[in-house]
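Listed below, chain by chain, are the residues.
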Amino acid sequence: MAVNKIWVIVDRQGEKIAPLSLELLTKARSLGGTVEGVTWGDADAIAADVGKYGATTLFNVGDLAGGLPGPPVAAALAAAISSSGAPDAILVPHNYDGRDIAARLSVKIDRPVLTNVVGLEETEGSLVTEHAIFGGAEVLKARFTGEGPAIFVVRTKSFAAEEGDGGPAAVTPWEIPDLGATGGAKITDRHVEESEGPKLDEAPVVVSGGRGLGQADKYSMIEDLAKLLKGAAGASRAIVDAGWVPYSHQVGQTGKTVKPTVYIAAGISGATQHMVGMKGSKNIVAINKDQEAPIFSIADLGIVGDVHKVLPKLIEALQGRS
Amino acid sequence: MNVVVCVKQIPDPANPGKLTSDTHTIVRDGKLILDDSDAYGVEMALQLADAAGGGEVTLVSMAPHGETSGLRTALAMGAAKAILISDDELAGSDALSTAKVLAAAIRRAEPDLVIAATESTDGYTGTTPVQVAEVLGWPSVSFVKKVAVADGVVKADRQTETGYDSVEVPLPALVSVTAGVVEPRYPSFKGIMAAKGKPVEELRIGDLGLDASQVGAAGARQQVVSVEPAEARKAGEIAVDDGDGHEKIVAFLEQLKVI
């Protein structure tokens, strides 16, 4: 099977296309065949960029009337598949709305989903995915055996986003079928939590804290250091579970994947759950009391020491420079 | 208000995971424990049922070999009863098959609300809860970090990339909750003793009207091509802090031109 057609779910970040969707468009373009985008909201505003990254058509589900994207986008995809045929693959961003869309679509068309995809290539006529398992210690390759379309939910930073030279994508409206009870969830208010500095998964420097900080209020050291390095503050699952830090800061298997130039892990032992989300960082600095901590096995610079001593001195030294 | 919590019993994540050599599925032979991620959903369900002034919390779980040790933990926290689906035909089930099985069991319990974790700690596909909602034909709110129920409506705060959305949804509905959403209680001694006598209904797929072709490895329609060691990252310089650890980090950052 050559790849004839791929659909890419185009999500937003603010007014712009989410970086992860640009990565998916770039990947789809490299696999050959026709690339078509699927979005909602104001499609005209992004049609030029979607085209530049390789899609010829941008299907638009339109205004969601305050509803969450999962049910209407999945229903519109299923309706389009049943009326005019399925693409070979549908690439879905591994984010909050993406997973809702993939989950509902998979039930509607009774096709399985492969999630946590970090690599995708055509091999001997089928699309083979890569998945990092056991904290990234092993790479598992998988493929679908049944009929398509293959639904792939792809993690951020798996592919680089590169512009092509395509003209604007042609916007084609899709109607939303009757959703019945499934469309019952409505957004009544949106809250933007102001965070200074770059986003966790785009920051060139990420400073993360873990259980070794001892108590919740010590996380301020992580935030201070991140700010001084113009980076973002991350966290291990242990301290998110403990309620010290919101889930949005979590780095790892169940959180964000980050690949910064420098990753500083402070008081993090390096559970497999955490390592899978950060071992792609270009440089890793680890500070931990326990010389045997697994994090040291992947650190370019490891400091065996107490974070309560090292971090304040590091913060002071950096303050002295700025 | 009756609440179902979907819980998963998994191998202890503190031990290294393993895949079977033939089917490349996760080895689940040893003792299974309640997935830590699920303790938040159980706690949330108990609090919501309390706040509603009554109703039961029922656990629904799918596990091999009639495994109940993780269920007993959640029953000890205060859940009233459990439905366990255990069947050799389920070996190798993917998220979609699992969702079909869980949804069929949930229908028997006739809950007003279903709660699940956003994803399991071992398989972490993260699609099962919303697949369950779609099989049931229900609305769902995923990645919820705060939830309250009043007058038949769920009010939930849903995580977004930039903050959170306030979302309202009429019952019946499914919500998936993130970790840290509430502080799970520790089972009391009394709770642990009481849990031993609480009912666990064990079902096979036939009891749910499901066919072996829809579930298990046959229903998964996907295969593992290979499993190989990832390119190893080498450890670099490791130094014991003698009061100069921060200087080494500053020098390293300078060398990388980050500062």
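For the structure given in this document, a descriptive report is provided here. In this text the structure is predicted, and so the values were computed from the model without any measurement. (Residues numbered from 1 in each chain as written. Chains lettered and ligands numbered in written order. Predicted model: local features only at pLDDT ≥ 70, side-chain atom pairs only at ≥ 80, totals over all residues. Heavy atoms only, no water.)

### Considering the packing of helix H3 (residues 70-84) of chain A against helix H4 (residues 96-108) of chain A
Residue and element names in this part refer to chain A.
Next, step 1: Across the interface, H3 lies against H4 with an axial gap of 8 Å and an inter-helix angle of 40°. Classified by the interaxial angle, the pair formed by H3 and H4 is oblique. By crossing handedness, the relation of H3 to H4 is classed as right-handed. Mapping the contact onto sequence places Gly70, Pro71, Val73, Ala74, Ala75, Leu77, Ala78 and Ile81 in H3 and Asp100, Ile101, Arg104, Leu105 and Lys108 in H4. (Axes fitted to C-alpha atoms, helices over the stretch in contact; angles between N-to-C directions. Helix = DSSP H or I, 4+ residues; strand = E, 2+ residues; numbered from the N terminus. Parallel < 35°, antiparallel > 145°, perpendicular 65-115°, else oblique. Left-handed = near helix turned anticlockwise from the far one by under 90°. Contact = heavy atoms within 4.5 Å.)

### Quick look at helix H2 (residues 69-77) of chain B
Next, step 1: Within H2 of chain B, the full set of buried residues consists of Gly70, Leu71, Ala74, Leu75, Ala76 and Met77 of chain B.
Next, step 2: Two residues or fewer after H2 of chain B comes Gly78 of chain B, characterised by a positive phi angle close to 140°. (Buried < 20%, exposed > 50% of the residue type's maximum accessible area, 1.4 Å probe, protein only.)

### Regarding the pairing of strand S15 (residues 232-235) of chain A
Next, step 1: With burial as the criterion, each face of S15 of chain A is covered, one bearing Ala232 and Gly234 of chain A and the other bearing Ala233 and Ala235 of chain A.
Next, step 2: Viewed along the sheet, the connection from strand S14 (residues 205-209) of chain A through helix H5 (residues 219-228) of chain A into S15 of chain A turns out right-handed. (Right-handed = clockwise from strand over helix to strand, strands pointing away.)

### So, a nonpolar patch on the surface
All names here are of chain B.
Next, step 1: Together, Phe189, Ile192 and Met193 line one region of the surface with nonpolar side chains, adding up to about 320 Å² of accessible area.
Next, step 2: The topology assignment puts Ile192 in helix H5 (residues 189-195).
Next, step 3: Overall, the relative accessible area of 39% leaves Ile192 in the partly exposed class. (Patch = residues over 30% accessible without salt bridge, like charges linked within 9 Å, V, L, I, M, F, W, Y side chains within 5 Å. Areas by Shrake-Rupley, 256 points an atom, 1.4 Å probe, with all protein chains shown as cover. Salt bridge = Lys/Arg side-chain N within 4 Å of Asp/Glu carboxyl O.)

### A look at the pairing of strand S4 (residues 34-39) of chain A
All names here are of chain A.
Next, step 1: Across the six residues that make up S4, a large majority, five, are buried.
Next, step 2: With five bridges connecting them, strand S1 (residues 5-9) and S4 associate as parallel partners. In the strand pairing of S4, Trp7 is matched with Glu36.
Next, step 3: In the classification by handedness, the crossover that spans S4, the intervening helix H2 (residues 47-52) and the parallel strand S5 (residues 57-60) is right-handed. (Pairing = 2+ DSSP bridges.)

Keep in mind that these numbers describe shape and distance, not what the molecule does.
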